[in-house]
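# Descriptive structure summary
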Amino acid sequence: MTHPDTAHTGASRPSWDETVRPFFTAPLTRDLTVDVCVVGAGLAGLTTAYLLAREGRRVAVLDQGPVGGGNTGRTTAQLANAFDDRYSEVIRLYGEAGARAVAQSHTAAIDLIERISQEEGIACDFERVSGYLFVPPGASRRVLSEELEAARRAGLREVAWVDKAPLEGFDTLPCLHFPNQAQFDPMRYLRGLAHAFGARGGELYTETAVQTVEGGAPAKVRTHSGLTVTAGAVVVATNAPIHDRVATHTKQAPYLSFVIAAEVPRGSVQRALYWDTEDPYHYVRLQSLDEATELLLVGGEDHKTGQADDAPARYGRLEAWARERFPKLGRVRYRWSGQVYETLDGLAFIGRSPGEENVYLVTGDSGMGMTHGSLAGVLLRDLILGRDNPWATLYDPARKPLKAGGAFLKENLNVAAQFLDLATPARGDAAALGPGEGAVVGFGPAKRAVYRDEAGVLHERSAICPHLGCVVAWNSAERTWDCPCHGSRFDAYGRVINGPAHRGLEPK
Ligand SMILES: Cc1cc2nc3c(=O)[nH]c(=O)nc-3n(C[C@H](O)[C@H](O)[C@H](O)COP(=O)(O)OP(=O)(O)OC[C@H]3O[C@@H](n4cnc5c(N)ncnc54)[C@H](O)[C@@H]3O)c2cc1C
Ligand code: FES
């Protein structure tokens, strides 16, 4: 299978994506019996696999693509215990004890990445930096006062007001300082983790797509090529769970997030993490490029997956936002997008998969998938080994965040509205497509996803998402078909690149 990334020609990402390319593993070619089978070789899956291999368990990881080919290769890799959805909200939903568990678990996740990179000698540019949270011009700072109080109640005693973030030419006015945040190169880390996992006897199989996961004692994983992995426990770490058709997907919503990386003279912007409180918010950090230059990574402009196709405008707004605040901003070198899953309460789902014996899952990164994915490794290891873990209830996938009922209703009404597309004609016209363009054509359930390749050849698939039947939409920047309901994504030829669908668009 050609890796889906090779079909993405509309956007580009920094070189950390390439750093993992030379890492070679082979597809699975025989049935296997192991203690634990992990599906998904992103940060969450590999951290879990590594920690279990350290405990002497026989672990196999299966991925449909290469290591880090999912959203871990699209991240901006900020490591924060400043909680994206606010500690004040966690206290409202789960009280002070819940907020303390959030602060402890995200802090522990940052420490874990630092410790693993030191112990395993992974040169991933891990670096401790400060984080600054500020409001947009003219907005009330009450949200910051409330967050300061909530963060301290969560145990982050060192969070404090500062007069402004340490930026020349951009006065954030008084804002909150979160010390001891961090950043790193996620793909170098992932490659190091994969090697460390292999050195402990771990088995890593790439280009091995999983079709089904069956709970039981033992549990079973079946691949598209007809092979079976039998395991005492299975961890589904596919970003969006591929084995659970409905339950989890009604409690989280897929968003595309956009990033630009622009040159700035080295030293002209203080290395730190910067966040504002706009909705959607902006996030900023620096990445080394060469001796004279750094890249300023600026992210935001999120929209619900499959519900807009205006990436150039979003990149333009990110650039305009950054130019206004960072006067030394130079050429934009890279721009790309990726998907995040927002849960109703901002907390990931990590733990036993409801109703499935010996099956575990991790999903719902909520834009904090580096820390959620790392703490998932610890939590899932403990659950699988029968150990107590103080974060288990907080992240339990079976939880129903009742006090977040308004958000639940809004997101599910939005999904219901997408099914109306099945009763309307599509506006696309296959004959009008130029090279590299795609459109949905036809009527109702017979709608087709039509793509004209660079050589002018038309490729047609069904436009009906094989997950639960929504109509996919063309994403012209990434050249993908994106499902507006639960975030399944397919390359231009209809091959699946993101769950919950585990198979491609049907041929017509
Ligand atoms: C633009 C952007 C910026 C972000 N910034 C941050 C940030 O600053 N800080 C932060 O903490 N988080 C951030 N995130 C979130 C974070 O990057 C992700 O949550 C995290 O990388 C997800 O890791 P994962 O292991 O869960 O999933 P992935 O990395 O997506 O890995 C899932 C793997 O499962 C595989 N898979 C899927 N289906 C199958 C199947 N059927 N069979 C076999 N394998 C399968 C995929 O190929 C993939 O390799 C950002 C995300 C984006 C998109
Ligand atoms: S992802 Fe659920 S219907 Fe497409």
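Residues numbered from 1 in each chain as written. Chains lettered and ligands numbered in written order. Predicted model: local features only at pLDDT ≥ 70, side-chain atom pairs only at ≥ 80, totals over all residues. Heavy atoms only, no water.

### Some thoughts on the packing of helix H3 (residues 87-119) against helix H4 (residues 142-153)
Contact pair H3 / H4: the axes reach a minimum separation of 9 Å and the direction vectors enclose 15°. Comparing their axes, H4 and H3 come out roughly parallel. For H3 against H4, the interelement crossing comes out left-handed. Counting all contacts with H3, which are made through Tyr87, Ser88, Ile91, Glu96 and Arg100, the residues of H4 involved are Glu146, Glu147, Ala150, Ala151 and Arg153. Classifying every residue of the contact of H3 with H4 by side-chain character gives 4 nonpolar, 1 polar and 5 charged. (Axes fitted to C-alpha atoms, helices over the stretch in contact; angles between N-to-C directions. Helix = DSSP H or I, 4+ residues; strand = E, 2+ residues; numbered from the N terminus. Parallel < 35°, antiparallel > 145°, perpendicular 65-115°, else oblique. Left-handed = near helix turned anticlockwise from the far one by under 90°. Contact = heavy atoms within 4.5 Å. Nonpolar A, V, L, I, M, F, W, Y, C, P; charged D, E, K, R; others polar.)

### A look at the sheet that holds strand S18 (residues 437-441)
Ordered by their spatial adjacency, 3 strands build an open sheet running S18-S19-S20, and the pairing between neighbours is antiparallel. Either end of the sheet is taken by a strand with one partner, and the two such strands are S18 and strand S20 (458-462). Ignoring strand direction, the axes of neighbouring strands in this sheet form an average angle of 20°. Bridging between S18 and strand S19 (residues 448-452) involves 5 bridges; their strand directions are antiparallel. (Pairing = 2+ DSSP bridges.)

### Overview of the confidence of the model for the chain
In the predicted model, the chain carries a mean pLDDT of 91, and 92% of its residues have values of at least 70. This model gives residues 1-11 a pLDDT under 50, and the stretch forms 27 contacts once residues within four places in sequence are excluded. Low pLDDT, under 50, characterises residues 15-22; the predicted model gives this stretch 23 contacts beyond four residues in sequence or across chains. (pLDDT = per-residue confidence, 0-100.)

### Quick look at the layout of surface pockets
By volume, the second largest pocket is sized at about 430 Å³. In terms of lining, the second largest pocket is formed by 19 residues, of which the most central are Asp421, Ala426, Arg427, Val440 and Ala473. Those elements giving two or more residues to the lining of the second largest pocket turn out to be S18 and strand S21 (473-475). Its residues assigned to classes, the lining of the second largest pocket shows 10 nonpolar, 5 polar and 4 charged. (1 Å grid on protein atoms, 1.4 Å probe; cavity = no way out; pocket = protein on both sides within 12 Å on 5 of 7 lines; lining within 4 Å. Points joined across faces, edges and corners; volume = space filled by probe spheres on them.)

### Some remarks on the domain arrangement of the chain
Each domain of the chain was delimited in the assignment, giving domain 1 (4-14 + 31-75 + 187-250 + 346-400), domain 2 (124-184 + 251-343) and domain 3 (420-498). When each unit is reduced to the centre of its C-alpha atoms, the spacing between domain 1 and domain 3 is 29 Å. (Domains from an automatic or database assignment.)

### Section: the site of ligand 1
Of all residues adjacent to ligand 1, which total 35 residues, the nearest are Asp63, Asn71, Thr72, Thr76 and Met370. Take Asn71: an N or O atom from its main chain is 2.8 Å from an oxygen atom of ligand 1. Within the contact set of ligand 1, an oxygen atom lies 2.8 Å away from a side-chain nitrogen or oxygen of Thr76. Contact with the protein chains removes 96% of the 1000 Å² of surface that ligand 1 exposes when unbound. Broken down by secondary-structure element, the contributors of at least two residues to the shell around ligand 1 are helix H2 (43-54), strand S11 (252-265), strand S15 (332-343) and helix H7 (369-384). Partitioned by chemical class, the residues of the shell around ligand 1 number 14 nonpolar, 18 polar and 3 charged. (Near = heavy atom within 4 Å. Polar contact = N/O pair within 3.5 Å; in protein donor to acceptor, adjacent residues only side chain to side chain. Areas by Shrake-Rupley, 256 points an atom, 1.4 Å probe, with all protein chains shown as cover.)

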